[in-house]
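Remarks on the overall topology
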Amino acid sequence: MSQSRLKIEVARAALSEVDSGMVLGVGTGSTVNAFLDELAGSDIQLKGAVSSSRATTEKLAETGIEVMDLNHVGELELYIDGADEVDEHRRLIKGGGGALTREKIIASASRRFVCIVDESKCVKVLGDFALPVEVVPMARAFVGRKLVGLGGRPELRDGFETDNGNLILDVRNLDLLDPLKIESEINQIPGVVTCGLFARRPADRVLIAGEAGIRRLG
Ligand SMILES: O=C[C@H](O)[C@H](O)[C@H](O)COP(=O)(O)O
């Protein structure tokens, strides 16, 4: 099965997590877009959605779902999002599309986070995927040196600006065996907005589409 077919399969499986009348937190990326297509074709009627990026806001508008401001909705019942890497403890690397900060805010503001991936995203140890770190522009070089001090090899994502007006450093070579520790170490560097590790706020459930069907973690 192709990867895009697997994305559709897991998107379809995620519909059973969603109820009509919900205000849903919605992540960013191609798997989430597949989910929104499936949602549009279902009979689920959301009250609205909180969006994690401009791209998702546009997609929600096309789908006819009202986009709501997180400041006006309080705690969300459910957040649905994809990931770039997932381990067996439901810890994630996210931010391949640069939306990590808003994604982490909405995931943290939600009671449940259901992550939807195809099996190519599953790893034993996080870190093959370069870790995205969102950085305030004037701190780019300073943060880069600190990341080198942690053993990383940061590379500026060329020509990319986040929805928050910041930069992304993609960091290779970090030892992520203890993702909780490295997540807080990176997040404590002044100038870092957040890093793409979701260890402090892992997914509550991961739905994984593979050749054998849908596997669930959590
Ligand atoms: O910033 C982007 C997000 O973290 C996405 O959830 C992640 O990159 C996965 O995207 P996709 O579903 O396109 O593989």
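Keep in mind that this is a model prediction, so the values were computed, not measured.

The rules we used
Residues numbered from 1 in each chain as written. Predicted model: local features only at pLDDT ≥ 70, side-chain atom pairs only at ≥ 80, totals over all residues. Helix = DSSP H or I, 4+ residues; strand = E, 2+ residues; numbered from the N terminus. Buried ≥ 20, exposed ≤ 12 C-beta atoms within 10 Å, placed from the backbone. Contact = placed C-beta atoms within 7 Å. Pairing = 2+ DSSP bridges. Near = placed C-beta within 6 Å. Nonpolar A, V, L, I, M, F, W, Y, C, P; charged D, E, K, R; others polar. Core = buried A, V, L, I, M, F, W, Y, C linked by C-beta atoms within 7 Å. Domains from an automatic or database assignment.

1. Considering the overall build of the protein chain
On a plain count of helices and strands, the protein chain comes out with 6 helices and 13 strands. Here the protein chain holds 218 residues, and the buried ones make up 49% of them. Sequence separation of at least 24 residues holds for 73% of the intrachain contacts in the protein chain that already meet a minimum separation of 6.

2. Digging into the sheet that holds strand S5 (residues 92-93)
Ordered by their spatial adjacency, 3 strands build an open sheet running S4-S5-S11, and the pairing between neighbours is antiparallel. Of all strands in the sheet, those bounded by a partner on one side alone are strand S4 (85-86) and strand S11 (197-198). Where S5 and S11 come together, 2 bridges link them in antiparallel fashion. Note on S11: the bridge partner recorded for Ile93 is Leu197.

3. Examining the site of the ligand
Around the ligand sit 17 residues in total, of which Gly29, Thr31, Gly82, Gly96 and Gly97 are the nearest. Residues that form the shell around the ligand fall into these classes: 3 nonpolar, 10 polar and 4 charged.

4. A closer look at the nonpolar core
Within the largest apolar cluster, 57 residues are counted, with the highest numbers of intra-cluster contacts made by Val10, Ala14, Phe35, Ile80, Cys115, Ile116 and Val133. Residue assignment places this core across two domains, with domain 1 (3-124 + 200-217) and domain 2 (131-196) each supplying three or more. When residues no more than four places from it in sequence are discounted, the contact partners of Phe35 are Ala11, Ala14, Ile80 and Ile116.

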